[in-house]
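The chain contents come next:
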Amino acid sequence: MTQSEQKRVYILDLFNPNIYPGDLKAQTAIDRPIHLPHRVKDEDHINATLTADHFKPDLIIYNAGTDILNGDPLGRLRISP
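Residues numbered from 1 in each chain as written. Predicted model: local features only at pLDDT ≥ 70, side-chain atom pairs only at ≥ 80, totals over all residues. Heavy atoms only, no water.

- The protein chain has the name Histone deacetylase domain-containing protein in an unreviewed UniProt entry, where Medioppia subpectinata is given as its organism.

Structure (structure tokens):
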């Protein structure tokens, strides 16, 4: 990826910082980290995502992973499928 292409990529990352602390290399790529507390539910997760209104993307790729789902012991969030 060229430097000009990299500037076109914006990473908005919602995560539980108590679970994923200290990954300094990954943190350098994140443009906007949004920290979520344990047991956050759907509405609060959606509202946190919608606060990112300061950029106007042409394309959004949403990778939710699986550790945000209710019942997953790793992410400790409560997002419904």
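So that's the structure; there's more coming.
Re the overall build of the protein chain
Moving on, step 1. When helices and strands are tallied, the protein chain shows three helices and two strands.
Moving on, step 2. Walking the protein chain from its N terminus toward its C terminus, one meets helices and strands in the order α-β-α-β-α.
Moving on, step 3. With 81 residues in all, the protein chain has 20% of them scored as buried.
Moving on, step 4. Here the contacts in the protein chain between residues at least 6 apart in sequence split such that 36% fall between residues at least 24 apart. (Helix = DSSP H or I, 4+ residues; strand = E, 2+ residues; numbered from the N terminus. Buried < 20%, exposed > 50% of the residue type's maximum accessible area, 1.4 Å probe, protein only. Contact = heavy atoms within 4.5 Å.)

Some details on the confidence of the model for the protein chain
Moving on, step 1. Summary statistics for the protein chain give a mean pLDDT of 78 and a share of 81% for residues scoring 70 or more.
Moving on, step 2. By mean pLDDT, the top-scoring element of the protein chain is strand S2 (residues 32-35) (85), and the lowest-scoring one is helix H1 (residues 3-6) (60). (pLDDT = per-residue confidence, 0-100.)

Considering the side chain of His45
Moving on, step 1. Here His45 shows up in helix H3 (residues 42-50).
Moving on, step 2. Here His45 is in contact with Leu14, Leu36, Val40, Tyr62, Ile68 and Ile79, once residues within four sequence places are set aside.

Looking at the environment of Ser80
Moving on, step 1. Topologically, Ser80 is positioned in the segment after H3.
Moving on, step 2. Residue Ser80 is classed as partly exposed on the basis of its relative accessible area, which comes to 40%.
Moving on, step 3. With near-sequence residues (within four places) excluded, Ser80 lies in contact with Asp42 and Leu69.
Moving on, step 4. There is a polar contact of 2.6 Å between the side chain of Ser80 and the side chain of Asp42. (Polar contact = N/O pair within 3.5 Å; in protein donor to acceptor, adjacent residues only side chain to side chain.)

Describing the environment of Val40
Moving on, step 1. Within the fold, Val40 resides in the loop between S2 and H3.
Moving on, step 2. Note on Val40: relative accessible area 6%, which makes it buried.
Moving on, step 3. In this structure the C-alpha to C-alpha distance between Val40 and Leu77, which are 37 residues apart in sequence, comes to 5.2 Å.
Moving on, step 4. Apart from the residues lying within four places of it in its own chain, the contact partners of Val40 are His45, Leu77, Arg78 and Ile79.

Some details on the environment of Arg39
Moving on, step 1. In this structure, Arg39 sits in the loop between S2 and H3.
Moving on, step 2. By relative accessible area, which is 49% here, Arg39 ends up partly exposed.
Moving on, step 3. A sequence separation of 23 residues divides Arg39 from Asn16, and the C-alpha atoms of the two residues are 9.5 Å apart.
Moving on, step 4. Leaving out residues up to four positions away in the same chain, Arg39 has contacts with Arg76, Leu77 and Arg78.

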